[in-house]
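Structural overview for review
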Amino acid sequence: MMNLADSAPATNNMLGSEADSQRTLYPYVTGTSVIGIKYKDGLLFAADMGGSYGSTLRYKSVERLKSVGKHSVIGASGEISDFQEIMRYLDELILFDNMWDDGNSLGPKEVHNYLTRVMYNRRNKFNPLWNSLVLGGIKNGKKYLGTVSMIGVHYEDDHVATGFGNHLARPILRDEWHENLTYEEGVKLLEKCMRVLLYRDRSAVNKLQIAKITEEGFTVSEPYSLKTSWDFNAFKNPTLDAEGSW
Amino acid sequence: MSSIGTGYDLSVTTFSPDGRVFQIEYAAKAVDNSGTVVAIKCKDGIVMGVEKLIASKMLLPGSNRRIHSVHRHSGMAVAGLAADGRQIVTRAKSEATNYEKFVSRHLSCKVPLVSVDAAEAGDTEMVYGEAIPVKELAERVASYVHLCTLYWWLRPFGCGVIVGGYDRDGPQLYMIEPSGISYRYFGAAIGKGRQAAKTEIEKLKLSEMTCRQGVIEVAKIIYGVHDEAKDKAFELEMSWVCDESNRQHQKVPENLLEEAKAAAKAALEEMDAD
């Protein structure tokens with residue numbers, strides 16, 4: 001039924017050259033940080049729309065936040081094609097869940113667990129899906145937010161991030177997040193984090209989306225840009241005191 | 001037109017002198033003894049209804065589903081042996097999901113690939129990438145049912161199946177019998193009350209009917225053909241796939257179902273009053 005049997009073939013030279021063409025060695029088109037936070041009515045997520053090709057900011061309309069079933073949202077950083085593959089797995093998972101038609105539906109905790117198993121098992125076969133995922137949602141009033149990495153490391157928290165977000169955004173969130181953020185406060189907080197990432201992360205682009213999930217359902221904003229300010233004294237005449245520069 | 005096929009009816013791989021395969025005909029009898037299944041094609045979709053004869057008061061209402069979703073856009077109503085039906089539904093689901101994922105490998109690959117999974121082959125691939133057309137689904141299910149009439153060590157499926165779906169060619173209705181025959185229909189009925197049901201369906205002007213109206217009509221037909229004397233209680237199970245349901249196959253919404261049941265009961269009383 002579900003085809004999780006994509007793996008390095010069981011040849012004798014498992015890590016040899018012929019087998020190499022059959023497993024992921026490095027990512028090609030990548031997305032950068034994703035941030036997720038819980039707020040009063042549900043969860044909020046932010047991700048920019050960039051797909052980098054190495055150091056080139058090649059694609060600028062990549063949707064990295066997607067809904068999963070009725071209750072969850074997934075955000076991905078890392079290899080975009082692997083994210084598309086993950087979406088295919090999840091679509092099939094949700095389809096089969098819907099076809100049961102038994103009044104129950106997969107919640108974010110279950111989807112997170114499924115993803116963890118997929119990522120970890122692929123890692124064990126030396127053929128990872130090169131993504132760091134944020135998975136969150138709300139079901140029957142209970143909010144859930146978690147993350148999975150390409151090697152299967154997973155945990156849940158009130159606020160999570162991938163990539164550079166872990167280093168730049170989470171310290172801000174640790175200081176300023178609290179349980180009863182309103183929607184507006186949550187968006188402002190996310191924008192604050194995304195702005196820092198825009199300044200400091202080389203692979204960030206200034207075109208982002210905010211996704212929200214509540215009991216009512218999933219919405220994702222139209223893409224928009226953040227205002228930035230480069231009007232700092234330190235940026236004026238940066239080479240003034242540098243010996244030998246002009 | 002039933003006759004005893006003594007001697008020629010022990011195996012599905014035996015023809016009778018007059019060219020019949022009795023085992024298949026006997027399989028059809030299993031279908032004929034089951035609760036009626038009615039399906040119609042309205043102008044904006046398909047409506048399917050099943051007369052679920054209740055074997056015991058202990059059964060939970062809403063259990064023992066006879067109509068199953070096969071994919072987002074299509075569903076299947078089963079009559080006959082329930083376990084056989086489940087097998088067919090599983091196969092249909094599998095066909096539907098595999099079609100969408102289908103990858104065909106270009107035949108010029110030089111490196112002998114150890115992995116059978118073409119997704120990793122890296123050669124030119126074509127993926128269908130769309131939901132299985134209803135015609136294709138019906139053909140595959142029919143093929144599978146027919147398969148089980150070709151070998152002496154397999155028995156034919158003791159169930160008939162009605163496939164209703166909505167793809168880019170519009171709503172379509174197919175019926176598949178235990179023999180593996182599959183035809184496309186405007187209206188179809190299988191099971192106990194099929195003769196009476198077909199007569200009723202023929203009276204309807206299906207091309208002018210919406211699914212909303214169709215739900216009421218199907219309920220009326222099923223209540224009408226239900227034999228109070230022979231089978232006491234039954235539960236009505238209905239599903240549709242239409243523009244109103246966003247071309248998704250789903251159970252008929254609760255309030256519409258109740259409306260349909262009420263209308264059907266009222267129609268019955270009217271008939272009794274005559």
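Residues numbered from 1 in each chain as written. Chains lettered and ligands numbered in written order. Predicted model: local features only at pLDDT ≥ 70, side-chain atom pairs only at ≥ 80, totals over all residues. Heavy atoms only, no water.

Helix and strand counts for chain A come out as 5 helices and 13 strands. Over its C-alpha trace chain A gives a radius of gyration of 20 Å, about what one expects of a compact globule, namely 18 Å for 246 residues. Here the C-alpha coordinates of chain A stretch approximately 65 × 50 × 30 Å along the principal axes. Within chain A, the proportion of its 246 residues that are buried is 48%. Total accessible area on chain A stands at roughly 13000 Å², and carbon and sulfur atoms take up 51% of it. (Helix = DSSP H or I, 4+ residues; strand = E, 2+ residues; numbered from the N terminus. Rg over C-alpha atoms; globule rule 2.2 N^0.38 Å. Buried < 20%, exposed > 50% of the residue type's maximum accessible area, 1.4 Å probe, protein only. Areas by Shrake-Rupley, 256 points an atom, 1.4 Å probe, with all protein chains shown as cover.)

For the rest of this paragraph, the subject is the sheet that holds strand β11 (residues 159-161) of chain A. All names here are of chain A. In space, the 5 strands of this open sheet follow the order β11-β2-β3-β12-β13, with antiparallel pairing throughout. Two strands in the sheet have a free side with no partner beyond their single neighbour: β11 and β13 (217-220). Strand-to-strand twist in this sheet, taken as the mean axis angle between neighbours without regard to direction, amounts to 15°. Pairing of strand β2 (residues 34-39) with strand β3 (residues 42-48) involves 6 bridges; the strand directions are antiparallel. By the bridge assignment, glycine 36 is partnered in β3 with phenylalanine 45. Where helix α4 (residues 164-176) meets the sheet, it contacts β2 and β11, and its direction lies at approximately 165° from that of β11. In the packing of helix α5 (residues 183-200) onto the sheet, contacts are made with β2, β3 and β12 (208-214), and the angle to β3 comes to roughly 25°. (Pairing = 2+ DSSP bridges. Axes fitted to C-alpha atoms, helices over the stretch in contact; angles between N-to-C directions. Contact = heavy atoms within 4.5 Å.)

The next thing to look at is a nonpolar patch on the surface. Residues and elements named next belong to chain B. Together, Leu147, Leu150, Tyr151, Trp152 and Trp153 make up an exposed nonpolar region whose accessible area comes to about 590 Å². If you trace the backbone, leucine 150 turns up in the loop between α3 (134-147) and β7 (159-167). Look at leucine 150 and you get partly exposed, because its relative accessible area is 42%. (Patch = residues over 30% accessible without salt bridge, like charges linked within 9 Å, V, L, I, M, F, W, Y side chains within 5 Å. Salt bridge = Lys/Arg side-chain N within 4 Å of Asp/Glu carboxyl O.)

On to the pattern of salt bridges. All chains considered together, the criterion is met by 29 salt bridges over all chains. Note that Glu235(B) and Lys52(B) form a salt bridge whose closest N and O atoms lie 3.6 Å from each other. Here Lys52(B) lies in strand β2 (residues 45-53) and Glu235(B) lies in strand β11 (residues 234-242), a separation of 183 residues in the sequence. When sorted by exposure, Glu235(B) lands in the same class as Lys52(B), which is buried. When salt bridges that share partners are traced, they join Asp101(A), Lys52(B), Arg65(B), Glu235(B), Glu237(B) and Lys251(B) into one network.

We now examine the pairing of strand β8 (residues 170-176) of chain B. If a strand is regular, its side chains alternate between the two faces of the sheet. Residues and elements named next belong to chain B. Most of β8 is tucked away, with 7 of its 7 residues classed as buried. When β7 meets β8, the two strands line up antiparallel, connected through 7 bridges. Within the sheet, the bridge partner assigned to isoleucine 162 lies in β8 and is methionine 175. Hairpin connection between β7 and β8: a loop of 2 residues separates the two successive antiparallel strands. Bridge analysis of β8 against strand β9 (residues 182-184) gives 3 bridges, and the strand direction is antiparallel. The partner of tyrosine 174 across the bridge, within β9, is arginine 184. In this structure, the hairpin formed by β8 and β9 is closed by a connection of 5 residues, where glycine 180 is found at a positive phi of approximately 100°.

As a further point, take the sheet that holds strand β4 (residues 74-80) of chain B. Residue and element names in this part refer to chain B. Spatial ordering of the open sheet is given by β3-β4-β7-β8-β9, a layout of 5 strands whose pairing is antiparallel. Two strands lie at the open edges of the sheet, namely β3 (67-71) and β9, each paired on one side alone. Within the sheet, the average angular offset between the axes of one strand and its neighbour, ignoring direction, is 25°. One ladder, built from 7 bridges, connects β4 with β7; its direction is antiparallel. Paired with valine 78 across the bridge in β7 is valine 161. Docked against the sheet, helix α2 (residues 82-101) engages β3, β4 and β7, running at close to 20° with respect to β3. The sheet contacts of α3 involve β3, β4, β7, β8 and β9, and relative to β8 the element is tilted by about 10°.

This part takes up the nonpolar core. Residue and element names in this part refer to chain B. Core analysis: the biggest nonpolar cluster contains 29 residues, and Val38, Ile40, Val47, Val215, Leu236, Met238 and Trp240 have the highest contact counts within it. Looking at this core, the elements with two or more residues in it are β1 (37-42), α4 (194-203), α5 (211-225), β11 and α6 (254-273). It is α5 that provides the largest number of residues to this core, a total of 9 residues. Apart from residues lying up to four places away in sequence, methionine 238 is in contact with Val47, Met48, Gly49, Ile67, Val215, Val218, Ala219, Lys251, Val252 and Leu257. Listed in part, the 23 residues of the second largest apolar core include Val78, Tyr144, Phe157 and Tyr174. (Core = buried A, V, L, I, M, F, W, Y, C linked by side-chain atoms within 4.5 Å.)

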